[in-house]
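# Structural overview for review
Below, each chain spelled out in residue letters.
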Amino acid sequence: ASSGTADYVVDAGDLQPGAYNAVITLNSDNPEIDAISINFNLLVDPLRRAWDPLPEDDMTDVPLDTDLEWTNDEETTSVTIYFSEDVNELNNNNILYEGSTVDELSSLPELSYNATYYWQVISESEDETTAGDIWSFSTITGPDELVTLISPENEATDTETDVELIWQNEAPVDYYDLQLATDDQFDELVTDISNVYSTSYSLNDLEENETYYWRVGGNVDDQFSWSDTWSFTTAMPTSIDSGDEIPKQTFIDQNYPNPFNPSTTIQYGVSEAADVTLSVYNIIGRRVAVLVQEPKNPGYYSISFNASSLSSGIYFYRFETGSFIETKKLTLIK
């Protein structure tokens, strides 16, 4: 057997500093010795002072609340961190941090959805300044809808003419736009405002007994999207507009809206003082609600009927006062 020493030059390539094991295959006449196993430590490249980035280089679907982490060489005394969405502008005064040695940053600027960011660690030691690799990562894709409407509920009825519209954001939003119209295509706009910075907006003096459609748009980094379109119907007048204070004859109107869910309004007029009964019956004739059962002076009246405890179907309301009796049909659809 023969022995000796040999020097080998290993191209470390993209290997990170650390402990490694290498197996060297020998071209030997001795069949019992065909390979040698070598343990070695790879020291830091003197031209690269930072490594092991988190997020990893070219990582995708990174959350918006991510931190930056990396590993410094033990000789590093201070670092400068550059950070930008534009790799060509990375070193153009886009300094995220400059100071004593750290290996983590959590105070990042507010990140955007579906964006790519570039960053670089500049390391300084006692005798040199070294620019590290340029790393990048891409953030997650944002939600399909930035805004969800809350109140009034969709297709709400008997809404006050002074109403507060309320919504919530499903992602960080720069500002909101709000539209209110009397048609679902928003051709007949009643309100059209931009740059709203809260999640509510109050409207006053809307028309009575009118159906309105509304939507709220959210803007994030110049990307804009509308919410779903909701509607609500304002309440009917509590008294009927009439030139006479007393009806010339007793009457009861058809409820509105009809069909309804879950509330509807019934208006009636009494021409002379009398006991008034207004009851609701199901389709088999069983009384399910008594809306009015008391004496009434001559005048115009309005009563709201909330059927939230009843099942969908056809019902009848019966109006009785003196010799006047009338029955009308109403439909509850849930």
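Below: a short report on this structure.

Cut-offs used in this document
Residue positions are given per chain, counted from 1 along the sequence in the order it is written. A pLDDT threshold of at least 70 governs which residues receive local features in this predicted model, and a stricter bar of 80 or more applies before side-chain atom pairs are shown or counted, although totals over entire chains, interfaces and linings include all residues. Remark: hydrogens and water are excluded; side-chain values derive from all non-hydrogen atoms of the structure. Any two strands are treated as partners once DSSP identifies two or more bridges connecting them. Helical segments are the DSSP runs of H or I of at least four residues, strand segments are the runs of E of at least two, and each set is numbered from the N terminus. Salt bridges, as used here, are contacts in which a Lys or Arg side-chain nitrogen is within 4 Å of a carboxyl oxygen on Asp or Glu. Using a 1.4 Å probe on the protein chains alone, a residue whose accessible area is under 20% of its type maximum counts as buried, one over 50% counts as exposed, and one in between counts as partly exposed. Stacked, edge-to-face and tilted labels apply to pairs of Phe, Tyr and Trp rings (six-membered ring for Trp) whose centres lie within 6.5 Å, assigned for plane angles under 30 degrees, over 60, and everything in between, in that order. Our definition puts a charge over a ring when NZ of Lys or CZ of Arg is within 6 Å of the ring centre and also within 35 degrees of the ring normal. Among buried residues, those of type Ala, Val, Leu, Ile, Met, Phe, Trp, Tyr and Cys that are joined through side-chain atoms within 4.5 Å constitute a nonpolar core. When checking whether two residues touch, look at their non-hydrogen atoms; a contact exists if any pair is within 4.5 Å. Polar contact is defined as a pair of N or O atoms within 3.5 Å, subject to the rule that within protein one atom must be able to donate a hydrogen and the other to accept it, and that residues adjacent in sequence are counted only when both atoms are side-chain atoms. To get an axis, fit a line to the C-alpha atoms, keeping to the stretch in contact for a helix; angles then go from 0 to 180 degrees between the N-to-C directions. Like-charged residues are merged into a patch within 9 Å and nonpolar side chains (Val, Leu, Ile, Met, Phe, Trp, Tyr) within 5 Å, provided each residue has over 30% relative accessible area and no salt bridge. Here the accessible surface of atoms and residues is derived via Shrake-Rupley with a 1.4 Å probe, and residues count as covered only by protein chains that are part of the display.

## What to know about the sheet that holds strand E3 (residues 50-54)
With antiparallel pairing, three strands are arranged side by side in an open sheet as E3-E5-E8. Of all the strands in the sheet, the pair left with one neighbour each is E3 and strand E8 (104-105). Here two bridges tie strand E5 (residues 68-72) to E8, and the two strands are oriented antiparallel to one another. If you follow Glu69 over to E8, its bridge partner there is Glu104.

## Quick look at the pattern of salt bridges
All told, the structure shown has three salt bridges when counted by the stated rule. Residue Glu320 is joined to Arg318 by a salt bridge in which the shortest nitrogen-to-oxygen separation is 3.2 Å. A relative accessible area of 28% means that Arg318 is categorised as partly exposed. Put simply, Lys328 and Glu326 hold a salt bridge, and the shortest N to O gap is 3.1 Å. Given a relative accessible area of 26%, Glu326 falls into the partly exposed group.

## Details of the packing of aromatic side chains
The tally for this structure, following the rule as stated, stands at 14 aromatic pairs. Each ring, one from Tyr175 and one from Tyr197, has its centre 6.5 Å from the other, and the planes form 65 degrees; the classification is edge-to-face. Of this pair, Tyr175 sits in strand E14 (residues 175-181) while Tyr197 sits in the loop between strand E15 (189-196) and strand E16 (200-203), and the two are 22 residues apart along the sequence. One cation-aromatic arrangement involves Arg215 over Trp226; the distance from NZ or CZ to the ring centre is 4.2 Å.

## Thoughts on the nonpolar core
Leu165, Trp167, Trp214, Val216 and Phe232 are the most contacted members of the largest nonpolar core, which totals 22 residues. Only strand E11 (147-151), strand E13 (163-169), E14, strand E17 (211-220) and strand E19 (230-234) provide two or more residues apiece to this core. Among the elements that line this core, the one with the most residues is E17, at four residues. With sequence-adjacent residues up to four places away left out, Leu165 is seen in contact with Ser151, Pro152, Leu178, Thr199, Ser200, Tyr201, Leu203, Trp214 and Phe232. Of all hydrophobic cores here, the second largest spans 19 residues; its members include Ile266, Leu278, Tyr317 and Leu332.

## As for the side chain of Ser125
Within the secondary structure layout, Ser125 lies in the loop between strand E9 (116-124) and strand E10 (129-139). With sequence-adjacent residues up to four places away left out, Ser125 is seen in contact with Arg49, Glu75 and Thr77.

## Overview of the environment of Tyr301
With respect to the helices and strands, Tyr301 occurs in strand E24 (residues 299-306). Measuring from C-alpha to C-alpha, the distance between Tyr301 and Tyr268 comes to 5.4 Å, with 33 residues separating the pair along the chain. A polar contact of 2.7 Å, which involves the side chain of Tyr301, links it to the backbone oxygen of Asn297.

## Remarks on the side chain of Ser78
In this structure, Ser78 sits in strand E6 (residues 78-84). The residues touching Ser78, leaving out its near neighbours within four places in the chain, are Gly99, Ser100, Thr101, Ile122, Ser123 and Glu124.

## Observations regarding the sheet that holds strand E25 (residues 313-321)
With antiparallel pairing, the four strands of this open sheet are ordered in space as E23-E22-E25-E26. At either margin of the open sheet sits one strand with a lone partner, and together these are strand E23 (287-296) and strand E26 (324-332). Within the sheet, the average angular offset between the axes of one strand and its neighbour, ignoring direction, is 15 degrees. In the sheet, strand E22 (residues 274-281) pairs with E25 via six bridges, with the strands oriented antiparallel. Directly across from Leu278, in E25, lies its bridge partner Phe319.

## Details of a nonpolar patch on the surface
A contiguous nonpolar surface patch, about 310 Å² in accessible area, is contributed by Ile283, Ile284 and Ile314. As for its placement among the helices and strands, Ile284 is situated in the loop between E22 and E23. Ile284 gets classed as exposed once you look at its relative accessible area, which sits at 64%.

## Brief notes about unusual backbone geometry
Residues Leu54 and Pro55 are joined by a peptide bond in cis, for which omega reads 0 degrees. Geometrically, the link from Ser151 to Pro152 is a cis peptide bond, its omega value of 0 degrees lying close to zero. At Asn209, a residue that is not glycine, the phi angle is positive and equals roughly 55 degrees. Residue position: Asn209 is located in the loop between E16 and E17.

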